[in-house]
Amino acid sequence: VNEGDVIRIQEYPGGRRLRDIPHAIGYDSSFVVSPRGEQLATTRFDGTITVWNMRSGEPVTEITEGGPSGGFSWSADGQRVVCGCSDGNIRLWDAASGKVLDKFQCPGDISFAALSPDGKTLAAVSGGSSVLLLDRSTGAVKRSLRTPVGKFKGMKFSPDSRKLATSNSDLEGSKQDNRVWNLAAEEEGSLDLIGVAGATSYDFSPDSRQILVADST
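Residues take numbers from 1 onward in each chain, read along the sequence in its written order. It should be noted that, the model being predicted, local features are given only for residues of pLDDT at least 70 and side-chain atom pairs only at 80 or more, the latter also being counted only at that level, while totals for whole chains, interfaces and linings use all residues. No hydrogens and no water enter the side-chain calculation; it runs on all heavy atoms of the structure.

J.: It is not clear to me how the pairing of strand E20 (residues 201-204) should be interpreted in this structure. Could you clarify?
T.: Successive side chains on a regular strand alternate, one facing one side of the sheet and the next facing the other. A 1.4 Å probe rolled over the protein chains alone gives each residue an accessible area, and that area as a share of the maximum for its type sets the label: buried under 20%, exposed over 50%, partly exposed in between. Counting from the N terminus, the helices are the DSSP runs of H or I reaching at least four residues and the strands are the DSSP runs of E reaching at least two. Burial along E20 is one-sided: Tyr202 and Phe204 are buried, while Ser201 and Asp203, pointing the other way, are not. Here, any two strands with at least 2 DSSP bridges between them count as paired. In this sheet, strand E21 (residues 211-214) lies alongside E20 in antiparallel orientation, the contact comprising four bridges. Each residue of the ladder has a partner; that of Asp203, found in E21, is Leu212. From the end of E20 to the start of E21, which pair antiparallel, there are six residues, and Ser208 there has a positive phi angle of about 70°.

J.: I keep staring at the side chain of Gln39 and nothing clicks. Help me out?
T.: For Gln39, the location among the structural elements is in strand E5 (residues 39-43). A relative accessible area of 17% means that Gln39 is categorised as buried. Contact definition: two residues touch when any of their heavy atoms are within 4.5 Å. When sequence neighbours within four positions are dropped, the list of residues in contact with Gln39 reads Val32, Val33, Ser34, Val51, Trp52, Met54, Val60, Trp74, Gly78 and Ala95.

J.: Help me out: how do you make sense of the layout of surface pockets in this one?
T.: Any empty space left between the atoms is revealed when a probe the size of a water molecule rolls over them. Of the grid points, spaced at 1 Å and generated over the protein atoms alone, those admitting a 1.4 Å probe that cannot get out make up cavities, while open sets with protein on both sides within 12 Å along at least five of seven lines make up pockets; any residue with an atom within 4 Å of a point is treated as lining. Grid points are joined across faces, edges and corners, and a volume is the space filled by probe spheres set on the points. Taken as a whole, the second largest pocket encloses approximately 160 Å³ of empty space. Lining the second largest pocket we find Asp118, Thr121, Leu133, Lys142, Arg143, Asp160, Ser161, Arg162, Leu183, Ala184 and Ala185. Under this grouping Gly is polar, as are all residues other than the nonpolar Ala, Val, Leu, Ile, Met, Phe, Trp, Tyr, Cys and Pro and the charged Asp, Glu, Lys and Arg. Taken together, the residues of the lining of the second largest pocket break down into four nonpolar, two polar and five charged.

J.: Would you take a moment to explain the sheet that holds E5 for this structure?
T.: Strands belonging to one sheet form pairs held by backbone hydrogen bonds; the direction of such a pair is parallel or antiparallel. Spatial strand order, E4-E5-E6-E7: four strands in an open sheet with antiparallel pairing. Each end of this open sheet is capped by a strand with a single partner; those strands are strand E4 (30-33) and strand E7 (59-63). Here the average twist between neighbouring strands, direction ignored, is 20°. Where E5 lies against strand E6 (residues 49-53), five bridges are found, and the strand directions are antiparallel. Pairing of Thr42 across the sheet is with Thr50, part of E6. For helices, the axis comes from a line fit to the C-alpha atoms of the stretch in contact; other axes are also lines fit to C-alpha atoms, and the angle between any two N-to-C directions lies between 0 and 180 degrees.

Honestly, that's just the spatial picture; any functional story needs more than this.
Shown next as structure tokens:
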């Protein structure tokens, strides 16, 4: 929970306050909890990523190289932080040491990046309305997914890495595009999530057969 200039860690259920992590949330800052709930990654307006220990509230490492230009994410095993950087590269960092493990140059401005749970595919948002799928081992672009409207809002891999949910809108927010892409098919194909108004986040069931959508309604 963000409260003033701290992120408040609370017990669930019950809501008992456990500790505070000093971090002010603003337009150019955000935070993401690791998949196992053991660590927290935060970004500041200057592009610095800090990894925190959720149990102690102490910082583990700081990442400064490149600086994120938008959203960032954790790998499924919670050992790496992935983001698109302001210098046009996708970087993967070791969450414990802050060491750069891989760096891939991408065409266009990269505003968000994620690593598939199987570790084989990087997804990167390029130019707002395109999602590039890159080979994790080489950085080669395997496929480009284009959506009808241009402002990217979020994306999520399914646990089996065979699907990708994306959310886009126009600048005014009047047009929405929310869909699930079939990454396993040889030809591009997607399922339009009709009736979803302004999806803000996605999550898949463990078997990847169902999707939970939080929207503006």
